[in-house]
Amino acid sequence: MNEVLFVHSDKYYYMIKFLLTAFSCYFSVAFAQYCTLNVGPTSTADSNVELVQISGASGNINYTGCPGVIGVQDLTTLSVALNAGGSYLLNVKFGTCGGNYAGAGEVWIDFDQNGNFDPYESIGTWTGTPPANITPMNFVVPANAQNGATRMRVMQHEAGTLPLNPCASYTWGSVMDFGITIGNGIDCTGFIGDDQNDPILVSTFPYTDTRDNSYCYSNNNYVYPSPDIYYKLSPNPLMHSIHASLCGSSFDTFMSVVDMNGNVIAFNDDATNCGSQSALTFETTGLGSVYIIVEGWGIEMGNYTLTIDADYVGISENDLSDLQVFPNPTNGVISLNKSIGKARLYHVNGTFLGSYDTNATQAIDLTPFQSGSYFLKSEDGAVTVKINVVK
Ligand SMILES: [Ca+2]
Ligand SMILES: [Ca+2]
Ligand SMILES: [Ca+2]
Ligand SMILES: [Ca+2]
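Residues numbered from 1 in each chain as written. Chains lettered and ligands numbered in written order. Predicted model: local features only at pLDDT ≥ 70, side-chain atom pairs only at ≥ 80, totals over all residues.

Turning next to the overall build of the protein. Each helix and strand counted, the protein has one helix and 27 strands in total. For the protein, buried positions account for 34% of its 391 residues. In the protein, once contacts between residues fewer than 6 apart in sequence are set aside, the share between residues at least 24 apart is 74%. (Helix = DSSP H or I, 4+ residues; strand = E, 2+ residues; numbered from the N terminus. Buried ≥ 20, exposed ≤ 12 C-beta atoms within 10 Å, placed from the backbone. Contact = placed C-beta atoms within 7 Å.)

This is the structure we're talking about:
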């Protein structure tokens, strides 16, 4: 465990850490899919959807229910194509295959393709007692819907009340899943950072990225069900801390820092003087690569700006009272006024360039190197000096 700058109590931190670790382990083997087990009616009697009808941009569905089926009816081979931004009419007759009993009906389309029929994806509801008229449901496919195959769920729950739970188990009613293919929407193939296998790489500091997690991103970090975006960075030996901030973003954010083994390094919900947005600082000494994960609190999502900056080992932190490098800036050979033992030369981006034994020679040839900032660090870490090369 590395040293970390905490902003919450240790107790809260370890609770979150446990949750993060437990959830990431659990979901790595059981990634969320549509709920289909122990969902829907346990009896084939009585209340049942009698008719589902829709004409798509291409194709149509014209399904007649009855007799009843236990559980979820997989009708995904019946499919229509819908265009993002388009208006459509779905007709559903909530009815019965037997006796007439009151209940409720609801339909969802998983527009954001996150494997859930979310409350914001409900396209129509019904309450009543069969026999009932066809319920017309006019709906618009969100303009930012993601291209590709997804699913529509039609549910009737006898004795149920709105809003229905799309994953509920009950005695009488029906659940039917149909296929939907979205077109003219957003092609998400170019949107990287959805999970730890496809992170956005951060290699220069300061770093700024503006993005929207409300489409093309799904929930992989289960602290909150909001869609999350993964950034990966590798601290270099010259850094002592990294600061990341979502201040100024448009929604209530949450940010985590997790190492490659899933250990939580730092996290923040609401930062001081930052509203409901997040900011944090973590020490990098001895730390390997980490993910910085951006998500919303709860199901919050929208536009955000992430800034990441690194603090480098400060020269003032070292005892440089009598160490001098000259000339500085330089375009060639530098000399030290004293030996600092074995020393390592780094570019400011952390690239290791070479080792020098300053006991043997206190002159170092920087001629091969381009203009920029370099750090010479004693092997024991006690002394670091910044050298500017100007050509
Ligand atoms: Ca969904
Ligand atoms: Ca994600
Ligand atoms: Ca999440
Ligand atoms: Ca927050």
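On to the nonpolar core, then. Core analysis: the biggest nonpolar cluster contains 29 residues, and Met 255, Val 257, Ile 292 and Val 294 have the highest contact counts within it. Ranked by the residues each element gives to this core, the list is headed by strand S19 (residues 290-296), at five residues. With residues near it in sequence (within four places) discarded, Val 257 still touches Ile 265, Ala 266, Phe 267, Leu 280, Phe 282, Val 290 and Ile 292. One finds Leu 82, Leu 90, Leu 164 and Met 176 within the second-largest nonpolar core, a separate group that totals 28 residues. (Core = buried A, V, L, I, M, F, W, Y, C linked by C-beta atoms within 7 Å.)

Moving on: the environment of Thr 361. Inspection of the secondary structure puts Thr 361 in the loop between strand S24 (352-357) and strand S25 (363-365). Taking the C-alpha atoms as reference points, Thr 361 and Lys 338, 23 residues apart in sequence, are found 9.6 Å from one another.

What follows covers the environment of Asn 219. Structurally, Asn 219 can be placed in the loop between strand S13 (207-212) and strand S14 (229-233). In the structure, Asn 219 is positioned 25 residues away from Asp 194 in sequence and 8.1 Å away in space, judged by C-alpha atoms. Among all residues touching Asn 219, those that are not within four sequence positions of it are Asn 114, Pro 225, Ser 226, Pro 227 and Asp 228.

What follows is about the pairing of S24. In this sheet, S24 lies alongside strand S23 (residues 342-347) in antiparallel orientation, the contact comprising five bridges. By the bridge assignment, Arg 344 is partnered in S24 with Ser 355. In this structure, the hairpin formed by S23 and S24 is closed by a connection of four residues, where Gly 350 is found at a positive phi of approximately 100 degrees. (Pairing = 2+ DSSP bridges.)

What follows deals with the sheet that holds strand S18 (residues 279-283). Within the open sheet, the four strands sit side by side as S13-S20-S15-S18. Their pairing is antiparallel. The sheet terminates laterally at S13 and S18, the two strands that pair on one side only. On average, each strand axis in the sheet is tilted by 15 degrees relative to the strand beside it, whichever way the strands run. Bridging between strand S15 (residues 239-245) and strand S20 (residues 303-312) involves six bridges; their strand directions are antiparallel. When the bridges of S20 are listed, Ala 244 appears paired with Ile 308. (Axes fitted to C-alpha atoms, helices over the stretch in contact; angles between N-to-C directions.)

For the bond running from Pro 130 to Pro 131, omega is 0 degrees, close enough to zero to count as cis. For Pro 131, the position within the fold is in the loop between strand S7 (122-128) and strand S8 (135-140). Phi is positive for Ala 159, which is not a glycine, with a value near 70 degrees. With respect to the helices and strands, Ala 159 occurs in the loop between strand S9 (148-158) and strand S10 (169-170). Using a count of 13 C-beta atoms within 10 Å as the deciding quantity, one classes Ala 159 as partly exposed. With a phi angle near 60 degrees, Asn 273 is a residue other than glycine that sits in the positive phi range. Note that Asn 273 resides in the loop between strand S17 (264-268) and S18.

Another aspect to go through is the pairing of S19. Extensive coverage of S19 is indicated by the burial of seven of its seven residues. The side-chain alternation of S19 yields two buried faces, one formed by Val 290, Ile 292, Val 294 and Gly 296 and the other by Tyr 291, Ile 293 and Glu 295.

As a general point, the strands of a sheet are linked pairwise by backbone hydrogen bonds and lie either parallel or antiparallel. The strand order across the open sheet built from three strands is S21-S22-S25, with neighbouring strands paired in antiparallel fashion. Each of the sheet's edge strands pairs with one partner strand only, and the pair in question is strand S21 (325-326) and S25. Where S21 and strand S22 (residues 333-336) come together, two bridges link them in antiparallel fashion. From the neighbouring strand, Phe 326 faces S22, where its bridge partner is Ser 335.

Let's shift gears to the environment of Met 239. Its location among the elements puts Met 239 in strand S15. For the pair Met 239 and Thr 285, spaced 46 residues apart in sequence, the C-alpha separation works out to 7.1 Å.

The predicted model of the protein averages 88 in pLDDT, with 90% of residues at 70 or higher. The model gives residues 1-15 a pLDDT under 50, and that stretch makes 18 contacts with residues more than four places away or in other chains. Within the model, pLDDT remains below 50 along residues 20-32, and this stretch shows 10 contacts once partners closer than five positions in the same chain are excluded. (pLDDT = per-residue confidence, 0-100.)

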